[in-house]
Amino acid sequence: MRRLTDYRVLTFDCYGTLVDWERGIWDALQPLVMRNAAACLTRNDALRAFAQCESRQERATPGLRYPELLAGVHARVAERFDLKTDRELDAAFGASVPHWPAFPDTADALRILKKHYKLVILSNVHRDGIAASNRKLGVTFDAIYTAEDIGAYKPADANFEYLLSHLKSDLGLEPPDVLHTAQSLYHDHVPARKFGLATAWIDRQRLSEGGSWGATERVETMPQTDYVFFSLGEMAEAVEGV
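Let me begin by describing the structure that accompanies this report. This is a predicted model, so every value here is computed, not measured.

Moving on: the pairing of strand β1 (residues 9-12). Side-chain alternation along β1 places Val 9 and Thr 11 on one buried face and Leu 10 and Phe 12 on a second face that is also buried. In this structure, β1 lies alongside strand β2 (residues 118-123), joined through four bridges in parallel fashion. Among the inter-strand pairings, Phe 12 is bridged to a residue of β2, identified as Ile 121. Here β1 pairs with strand β4 (residues 178-182) via four bridges, running parallel. When the bridges of β4 are listed, Val 9 appears paired with Val 178.

Attention shifts here to the pattern of salt bridges. Summed over the entire model, instances satisfying the criterion amount to 19 salt bridges. Note that Asp 157 is salt-bridged to Lys 194, the shortest N-O span being 2.9 Å. In this pair, Asp 157 sits in helix α9 (residues 157-171) while Lys 194 sits in helix α10 (residues 185-194), placing the two residues 37 residues apart along the sequence. For Lys 194, a relative accessible area of 58% puts it in the exposed group. Overlapping salt bridges bring together Arg 65, Glu 68, Arg 127, Glu 148 and Asp 149 as one network.

Looking now at helix α3 (residues 43-60). Here α3 spans 25 Å end to end across 18 residues, near enough to the 26 Å set by a 1.5 Å rise per residue. Of all the residues in α3, the buried ones are Ala 46, Leu 47, Ala 49, Phe 50, Ala 51, Cys 53, Glu 54, Ser 55, Gln 57 and Glu 58. For α3, the secondary structure elements touched by its buried residues are α1 (21-28), α4 (66-80), α5 (87-94) and α10.

Before going further, it helps to spend a moment on unusual backbone geometry. Only a minority of non-glycine residues have a phi that is not negative, and only a minority of peptide bonds are not trans. The residue after Lys 154, namely Pro 155, is reached through a cis peptide bond having omega 15 degrees. Tracing the sequence through the fold places Pro 155 in the loop between α8 (147-150) and α9. Look at Cys 40: it is not a glycine, yet its phi comes out positive at around 55 degrees. Residue placement: Cys 40 occurs in the loop between α2 (30-35) and α3. Judged by relative accessible area, Cys 40 falls into the exposed class, the value being 58%. A positive phi is found at Arg 206, a non-glycine position, where the angle reads about 55 degrees.

Taken as a whole and assessed by the stated rule, the structure comprises eight aromatic pairs. Between the aromatic rings of Trp 21 and Phe 50, the centroid separation amounts to 5.5 Å while the plane-to-plane angle is 85 degrees, which identifies the pairing as edge-to-face. In this pair, Trp 21 sits in helix α1 while Phe 50 sits in helix α3, placing the two residues 29 residues apart along the sequence. Here the two residues Trp 21 and Phe 50 agree in accessibility, since each one is buried. Considering the side-chain rings of Phe 160 and Phe 195, the 6.0 Å spacing of their centres and the 25 degrees angle between planes classify their relative orientation as stacked. Pair noted here: Phe 160 is in helix α9 and Phe 195 is in the loop between α10 and β5 (198-202), with a separation of 35 residues, a long-range link.

All right, on to the state of the cysteines then. Across all of its chains, the model carries zero disulfides by this definition. The structure places no disulfide on Cys 53, whose sulfur is separated from the nearest cysteine sulfur, that of Cys 40, by 20 Å. A relative accessible area of 3% places Cys 53 in the buried class.

Okay, the nonpolar core next. Grouped together as the largest cluster of nonpolar side chains are 56 residues, with contacts concentrated most on Phe 12 and Tyr 66. Ranked by the residues each element gives to this core, the list is headed by α4, at six residues. With near-sequence residues (within four places) excluded, Phe 12 lies in contact with Thr 17, Leu 18, Leu 110, Leu 113, Leu 119, Val 120, Ile 121, Leu 122, Phe 141, His 180, Thr 181 and Leu 232.

All right, on to the side chain of Asp 20 then. Inspection of the secondary structure puts Asp 20 in the loop between β1 and α1. No salt bridge forms around the buried Asp 20; measuring N to O, its nearest opposite-charge neighbour Arg 43 is 5.2 Å away. From its side chain, Asp 20 meets the backbone nitrogen of Arg 23 in a polar contact 3.2 Å long. Each residue touching Asp 20, except ones within four places of it in the same chain, is listed here: Pro 101, Ala 102 and Phe 103.

Reading guide: rules and limits
Residues numbered from 1 in each chain as written. Predicted model: local features only at pLDDT ≥ 70, side-chain atom pairs only at ≥ 80, totals over all residues. Heavy atoms only, no water. Buried < 20%, exposed > 50% of the residue type's maximum accessible area, 1.4 Å probe, protein only. Helix = DSSP H or I, 4+ residues; strand = E, 2+ residues; numbered from the N terminus. Pairing = 2+ DSSP bridges. Salt bridge = Lys/Arg side-chain N within 4 Å of Asp/Glu carboxyl O. Expected span 1.5 Å × (residues − 1). Contact = heavy atoms within 4.5 Å. Phe/Tyr/Trp six-rings, centres within 6.5 Å; stacked < 30°, edge-to-face > 60°. Disulfide = S-S within 2.5 Å. Core = buried A, V, L, I, M, F, W, Y, C linked by side-chain atoms within 4.5 Å. Lys, Arg positive; Asp, Glu negative; His and termini not counted. Polar contact = N/O pair within 3.5 Å; in protein donor to acceptor, adjacent residues only side chain to side chain.

Here it is, written out as structure tokens:
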């Protein structure tokens, strides 16, 4: 195994890794929950439904901007539980990404990691959404690539093809320089392994210990990962200790 500091760039998933999207999703679902209070929708059920509906929507409409895609996901979730919604509620959920909070450890960890690596984001959201989230993250990223730039959503091959192509053209980096750092096995670790990238799993849900899949779609076979940390702060401490 290579040392953590042997890599030159960390390529991050943002939502679920740097930003607490489960808290953001559940908070943004509250108008729907309140309108349908008698249905008693639980957080776990809502996040599980979101994971399934989002992945299907991304496959069905890869060119759709994330706010419109999220609005469609909201409508799908409501339909699944026979809840009453409308276009206004759907659209408000679609516009919620800028309000999703960063994890408490993210900004401090990124400032430490910035001393050792170039930092790049590969995200499934739109440019405006990532710009709003970036203001909470405490560092300047060397590059940010979004689904809106690519016209596809992870785990599609196009996203990682775009990432590797632009790392080379924009920053002069090759695949052996890359440590892909992410929470989602479905969106990130499975395709990263397919492209031969080293990976660091930020296992915030402790899936490696039998935890919940939460808002992330399940995978049938757990991919191999090179490193496992339970927070980004833990990874930063490990890098400083090398």
